[in-house]
Each structure stands twice: as structure tokens, then as C-alpha cells.
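Read off the chains here:
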Amino acid sequence: MPDFKQKRARDRIRKRVKQGFRGYPIVSIAFYGPDDATATKVVVACMEDDTENIASMERWSSTDGSDLRKADDTALRIDTLLKKWGARSTVMVDAIIGCPHEEGIDYPEGESCPQCLFWKNRDRWSGVFTDIMR
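Below, the structure is looked at part by part. (Residues numbered from 1 in each chain as written. Predicted model: local features only at pLDDT ≥ 70, side-chain atom pairs only at ≥ 80, totals over all residues. Heavy atoms only, no water.)

**Re the overall build of the protein**
- Counting its regular elements, the protein contains two helices and four strands.
- N-terminal to C-terminal, the α/β element order of the protein is α-β-β-β-α-β.
- Relative to the 2.2 N^0.38 estimate, which gives 14 Å for 134 residues, the radius of gyration of the protein is 16 Å and therefore close to what a compact globule would have.
- In terms of its C-alpha atoms, the protein occupies a principal-axis envelope of roughly 45 × 40 × 25 Å.
- Buried positions account for 34% of the 134 residues belonging to the protein.
- Carbon and sulfur atoms make up 50% of the accessible area of the protein, which totals about 8700 Å².
- Put simply, the protein has 22 plus and 22 minus side-chain charges, and the middle of one group is 9 Å from the middle of the other. (Helix = DSSP H or I, 4+ residues; strand = E, 2+ residues; numbered from the N terminus. Rg over C-alpha atoms; globule rule 2.2 N^0.38 Å. Buried < 20%, exposed > 50% of the residue type's maximum accessible area, 1.4 Å probe, protein only. Areas by Shrake-Rupley, 256 points an atom, 1.4 Å probe, with all protein chains shown as cover. Lys, Arg positive; Asp, Glu negative; His and termini not counted. Charge placed at Lys NZ, Arg CZ, Asp CG, Glu CD.)

Here it is as C-alpha cells:
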């Protein structure tokens, strides 16, 4: 069970997300995993204006394959970044939105990740299979 600081950090993040757009800087929080049940990577990015240029970004992965959404320090680390970057708005998708491996870095661009077959031919936003002939 999370301690008081961790629970408060989670509550602060949820509250920020619920507030909607309140101006820049805006911070996005995204979780990735080998399937739609386990988040093994989190990416927190800050945009200071509407140019869509990322001013700051932090990402980390679980070393043992555990779900980072349930890890004790994840909420604390995210909350610290929100304060450090002076976030006025925070957005977060309430789902795992894709494979933790990076196209063009971990596997060739334009191909599916060979390690995360769950995501092959699956729309990461809806979870629905796309073209099964790929």
C-alpha cells in the first residue's frame, strides 16, 4: 500500500489532469507496455508553448517488467517534474498507449516491434485491430 506522500502525489496528478487546459507549460504523461495491462515505460514531456516543440522530457522503464503505474516512486517522480517544470496544464491518457520500444531506435522504422506482438496491427488508441494483412 502506498504511503501518505505517494497517495498525495497521485491525488495531485489526478487533480491537475481533471482541471483541463489552463495554459502553458503543458506536461503530457504517457504509459507504454508490451500489452494493454502492464505499463513498463512512462514518458513525461513538457511543452512551453503551442509550437509543439518538447522543451523537457524524462522517461524511465521498469527493470523487472513490473507495472510502473503501481510502483511506489512513479507518482512522486511525476509530481516532482510537474513542480520543477512549472506545469500549468497536465494531460494523461488513462490507458497504455503502445509498445515501450521506439521505432527507428529499437526496431526499423515502418515495421512492427518484434518484441511486442500484442501491438502488431492494433490501433493503440482504440485497441481495435487495424489491417490484419500487414
